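# Observations on chain architecture
Listed here are the chains, written in short residue letters.
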Amino acid sequence: DVGNSLNSAVDIGQIEGAFVQGLGLFTMEELVWGDSEHPWVRPGQLFTAGPGLYKIPSFGDLPHRFQLRLLDDSPNPRTIHSSKAVGEPPFFLGASAFFAARRAIAAALQEHGEDSWFPLDSPASSERIRMACRDDITDGLRLPKNYRARGSV
């Protein structure tokens, strides 16, 4: 819903880009601060301060089918040319990837005979997803039920 789109190609690009940024935020971009767990970083300083120090989505991380269309005939009479902003709302749609991963983990746990709450912090990185899927391999590690996998840094 962008109201009366001024340029549909720009609006679609904004929506796709914002979604991919949100996908990165909720599934890849680990913030590492200087603390007792990260002694190589000065206390209180952000180590992962740019894309050179944390993973951002790349072409291979995108959905194979990524289709969207703009809602027709939804003008906003209180704005210039009845248009609406498109940058921020799709950003938070990236959270859908986090919750889809959480549902997939719950299904894997059910197959393993567990049907209880489990911790999963954001970002839902591949390491966190793997460790949350309890199975014969992770059982051999004798981790507590409320184990929270750390990021890859």
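To be clear, the structure that these remarks concern was listed above.
Structural notes, computed from the coordinates.

Reading guide: rules and limits
- Residues numbered from 1 in each chain as written.
- Predicted model: local features only at pLDDT ≥ 70, side-chain atom pairs only at ≥ 80, totals over all residues.
- Heavy atoms only, no water.
- Helix = DSSP H or I, 4+ residues; strand = E, 2+ residues; numbered from the N terminus.
- Expected span 1.5 Å × (residues − 1).
- Buried < 20%, exposed > 50% of the residue type's maximum accessible area, 1.4 Å probe, protein only.
- Arc of directions from axis to C-beta.
- Contact = heavy atoms within 4.5 Å.
- Core = buried A, V, L, I, M, F, W, Y, C linked by side-chain atoms within 4.5 Å.

Structurally, the α-helix is built with 3.6 residues per turn, so residues lying three or four positions apart point the same way. For helix H3 (residues 95–111), which comprises 17 residues, the first-to-last C-alpha distance of 25 Å matches the rise-based estimate of 24 Å (1.5 Å per residue) to within 8%. Turning to H3, its buried residues number three or more, namely Ala95, Phe98, Ala101, Arg102, Ile105 and Leu109. What you see down the axis of H3 is that its buried residues fit within an arc of 115 degrees, all on one side. Exposed positions of H3 whose direction lies more than 90 degrees from the buried face are Arg103 and Glu111. Residues of H3 that are buried sit in contact with helix H1 (8–27) and helix H4 (126–132). Where H3 terminates, the next one or two residues include Gly113, which has phi positive at roughly 90 degrees.

Judged by nonpolar contacts, Phe26, Ala95, Phe98, Ala101, Ile105, Leu109, Phe118, Leu120, Ala124, Ala132 and Cys133 together constitute the single largest core of 11 residues. For this core, the element with the most residues is H3, which contributes five residues. Setting aside anything within four residues of it in sequence, one finds Phe118 in contact with Arg102, Ile105, Ala106, Leu109 and Ala132.

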